[in-house]
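Understanding the architecture of this molecule
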Amino acid sequence: MAEEIYVSTDVETDGPIPGPHSMLSFASAAYLADKTLVATFSANLETLPGASGDPTTMDWWRTQPDAWDACRRDLEDPEAAMRRYVAWVKGLPGKPVFVGYPVAFDFLFVYWYLIRFTGESPFSHSALDMKTLAMTLLGTGYRDSTKRRMPRHWFDPMPHTHVALDDAVEQGALFCNMLRELGKAQEGRGTL
């Protein structure tokens, strides 16, 4: 049986939902459970025809000029980028599991783009939410399971830049550290 590979993914968008708004950039960092970074993928996308930026989101982007510049360089046609992404995910050495923080936002965009432009999702519906895992580990409510409340030893010294690839790598390392913590907790309870 193939080992799971955790595909930490971050998206940058110009609004809250795909269709009326566009995914500007996305990136994935594929990790093994032991925190081995297997491969990365990133793409900056042309906006969707007829879509427009949400005013609130665009106000936020004005506070992030470096990240905005980074996601507007070397733009690709969304169909070409998503086909390239499907091939990349299928080429990973394991069963892919999409990982996001929060997964509801990132998976929404990536799944919509995958189905719209390729007609398939190499993840099927396998998407893991880091906030839910944090809730389990911390013994807190979902809304209290924020990065501010997570133990510092879960975080590697990596920046959160709002550049999709940087954030996917950072969040993937955080996820693997959380997974290790889960393993320790299960060993302590004798459940492994």
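See the structure printed just above.
The structure contained in this document is the topic of the report that follows. Here the structure is a predicted model, which means the values were calculated and not measured.

How each quantity is defined
Residues numbered from 1 in each chain as written. Predicted model: local features only at pLDDT ≥ 70, side-chain atom pairs only at ≥ 80, totals over all residues. Heavy atoms only, no water. Helix = DSSP H or I, 4+ residues; strand = E, 2+ residues; numbered from the N terminus. Rg over C-alpha atoms; globule rule 2.2 N^0.38 Å. Buried < 20%, exposed > 50% of the residue type's maximum accessible area, 1.4 Å probe, protein only. Areas by Shrake-Rupley, 256 points an atom, 1.4 Å probe, with all protein chains shown as cover. Lys, Arg positive; Asp, Glu negative; His and termini not counted. Charge placed at Lys NZ, Arg CZ, Asp CG, Glu CD. Arc of directions from axis to C-beta. Pairing = 2+ DSSP bridges. Contact = heavy atoms within 4.5 Å. Axes fitted to C-alpha atoms, helices over the stretch in contact; angles between N-to-C directions. Core = buried A, V, L, I, M, F, W, Y, C linked by side-chain atoms within 4.5 Å. Parallel < 35°, antiparallel > 145°, perpendicular 65-115°, else oblique. Nonpolar A, V, L, I, M, F, W, Y, C, P; charged D, E, K, R; others polar.

1. Let's talk about the overall build of the chain
Looking only at helices and strands, the chain has 6 helices and 6 strands in total. Along the chain direction, N to C, the helices and strands of the chain fall in the order β-β-β-α-α-β-α-β-α-β-α-α. Here the chain has a C-alpha radius of gyration of 17 Å; the compact-globule value for 192 residues is 16 Å, and the two agree. The proportion of buried residues among the 192 residues of the chain is 47%. When the accessible surface of the chain is totalled, it reaches about 9,600 Å², and 54% of it is carbon and sulfur. On the chain, the mean spot of the 18 positive side-chain charges and the mean spot of the 25 negative ones are 5 Å from each other.

2. Here we look at helix α5 (residues 130-138)
Among the residues of α5, M130, K131, L133 and A134 are the ones counted as buried. Looking straight down α5, one finds its buried side chains confined to an arc of 155 degrees; they lie on one side. G139 occupies a position one or two residues after α5 and carries a positive phi of about 70 degrees.

3. Some words on the pairing of strand β2 (residues 23-31)
When you tally the buried positions in β2, you get 9 out of 9 residues, the bulk of the element. With 8 bridges connecting them, strand β1 (residues 4-13) and β2 associate as antiparallel partners. Pairing of S8 across the sheet is with A29, part of β2. Inspection of the sheet shows β2 paired to strand β3 (residues 37-45) by 7 bridges, in the antiparallel sense. Opposite Y31, over in β3, you have L37 as the bridge partner. Counted along the chain from β2 to the antiparallel partner β3, the turn is 5 residues long, and its residue K35 has a positive phi close to 75 degrees.

4. Regarding the sheet that holds strand β6 (residues 127-129)
The strand order β4-β3-β2-β1-β5-β6 describes an open sheet built from 6 strands, whose pairing is mixed. At either end of the open sheet lies a strand with only one pairing partner, and these are β4 (75-76) and β6. Inspection of the sheet shows β3 paired to β4 by 2 bridges, in the parallel sense. Residue pairing in the sheet places N44 in a bridge with L75 of β4. Contacts between helix α4 (residues 103-118) and the sheet are confined to β1, β2, β3, β5 (95-100) and β6, with β1 contributing the most and set at about 90 degrees to the helix. Running over the sheet, α5 touches β5 and β6 and is turned about 50 degrees from β6.

5. Some remarks on the nonpolar core
Within the largest apolar cluster, 28 residues are counted, with the highest numbers of intra-cluster contacts made by M23, F26 and Y85. Within the residue set of this core, elements represented by two or more residues are β1, β2, β3, α3 (78-90) and α4. Counting residues per element, this core draws most heavily on α4, at 7 residues. Discounting residues that sit within four places of it in the chain, F26 has contacts with D10, V11, F41, S42, A43, L45, M82, Y85, V110 and A164. If you look at the next biggest cluster of nonpolar residues, it comprises 22 residues, including M150, W154, A168 and A173.

6. Here we look at the packing of α3 against α4
In contact at an axis separation of 9 Å, α3 and α4 are set at 105 degrees when each is read in the N-to-C sense. As summarised for this structure, α3 and α4 are arranged roughly perpendicular, according to the angle between their axes. Residue-level inspection shows P78, E79, M82, R83, Y85 and V86 of α3 in contact with α4, the latter providing V110, Y113, L114, F117 and T118. Taken together, the residues of the contact of α3 with α4 break down into 8 nonpolar, 1 polar and 2 charged.

Geometric descriptors of this kind do not, in isolation, establish any biological role.
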